[in-house]
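# Residue-level structure breakdown
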Amino acid sequence: VQGFIEEKLGAKYISNKAIPFEESYEESGTSTPIFFILSPGVDPLQDVEALGRKLGFTAPNKNFHSISLGQGQEVVAEEAMEVASQNGHWVVLQNIHLVKSWLPNLEKKIEELSEGAHANYRLYLSADPASNPANHIIPQSILETSIKIT
């Protein structure tokens, strides 16, 4: 089948070429988070940190905030988002699927903080994929407004 598609339509229809993360970043904005759908053995934080270093967003500069969610980190995440939206920082919220009950709050906070946010503010989210469609817990508006990367 692959050979047939390549012959009739061209190689571009069968190549699995990943879009460089930097291009996805350029498409993001204060109201357009980047949402990483996690796969086993893949750590998107490395790509975010590498681009952050290149652009001057690092933890030592106090303008890069990475929070692993679960165990009461929701308040820390909200505070980081507020500071970041005002001051143009980056926030990475890892494993949002672990805080199902907080996701409606996150949804509201994303919408609230995107209005009037500093132009450099960026939000990165990560979550494991749902095991089946019935188990989807990520609010629709987060999925609709985000750039999704697998």
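The coordinates are above.
Model, not experiment: these values are computed from the prediction.

### Digging into empty space enclosed by the protein
Within the structure shown, the criterion is met by one cavity of 30 Å³ or more. Counted as a void, the largest cavity has a volume near 50 Å³. Residue lining of the largest cavity: Gly29, Thr30, Ser31, Thr32, Pro33, Ile110, Tyr121, Arg122 and Leu123, and that is the complete set. The residue makeup of the lining of the largest cavity, split by class, is four nonpolar, four polar and one charged.

### Section: unusual backbone geometry
One non-glycine residue, Gln71, lies in positive phi territory at about 55°. Position of Gln71 among the secondary structure elements: in the loop between β2 (64-68) and α4 (74-87). Residue classification places Gln71 among the exposed residues on the basis of a relative accessible area of 82%. One non-glycine residue, Asn95, lies in positive phi territory at about 60°. Along the polypeptide, Asn95 turns up in the loop between β3 (90-94) and α5 (103-114).

### Quick word on the pattern of salt bridges
Opposite charge on two side chains lets them pair, provided their charged atoms get close. A complete count under the given rule lists three salt bridges for this structure. As a salt-bridge pair, Lys109 and Glu82 come within 2.6 Å of each other at their nearest N and O atoms. On the criterion of sequence distance, the pair formed by Lys109 in helix α5 and Glu82 in helix α4 is long-range, its members being 27 residues apart. Since its relative accessible area comes to 31%, Glu82 is described here as partly exposed. By sharing partners, the salt bridges in this structure join Glu82, Lys109 and Glu112 into a single network.

### Some remarks on the pairing of β3
The buried count for β3 comes to five of five residues, which makes it a mostly enclosed element. Side-chain alternation along β3 places Trp90, Val92 and Gln94 on one buried face and Val91 and Leu93 on a second face that is also buried. Alignment of β3 against strand β4 (residues 122-127), held across four bridges, turns out to be parallel. Paired with Val91 across the strands is Leu123, a residue of β4. Taking the sense of rotation as the criterion, the β-α-β connection linking β3, α5 and β4 turns out right-handed.

### Re the sheet that holds strand β5 (residues 147-149)
If you trace the five strands from one edge of the open sheet to the other, you get β2-β3-β4-β1-β5, paired in parallel fashion. A strand with exactly one partner marks an edge of an open sheet, and here the two such strands are β2 and β5. Strand-to-strand twist of the sheet, defined as the mean angle between neighbouring strand axes without regard to direction, takes the value 15°. Helix α3 (residues 45-55) contacts β1 (34-37), β2, β3 and β4 of the sheet and is inclined by roughly 170° relative to β3.

Reading guide: rules and limits
- Residues numbered from 1 in each chain as written.
- Predicted model: local features only at pLDDT ≥ 70, side-chain atom pairs only at ≥ 80, totals over all residues.
- Heavy atoms only, no water.
- 1 Å grid on protein atoms, 1.4 Å probe; cavity = no way out; pocket = protein on both sides within 12 Å on 5 of 7 lines; lining within 4 Å.
- Points joined across faces, edges and corners; volume = space filled by probe spheres on them.
- Nonpolar A, V, L, I, M, F, W, Y, C, P; charged D, E, K, R; others polar.
- Helix = DSSP H or I, 4+ residues; strand = E, 2+ residues; numbered from the N terminus.
- Buried < 20%, exposed > 50% of the residue type's maximum accessible area, 1.4 Å probe, protein only.
- Salt bridge = Lys/Arg side-chain N within 4 Å of Asp/Glu carboxyl O.
- Pairing = 2+ DSSP bridges.
- Right-handed = clockwise from strand over helix to strand, strands pointing away.
- Axes fitted to C-alpha atoms, helices over the stretch in contact; angles between N-to-C directions.
- Contact = heavy atoms within 4.5 Å.

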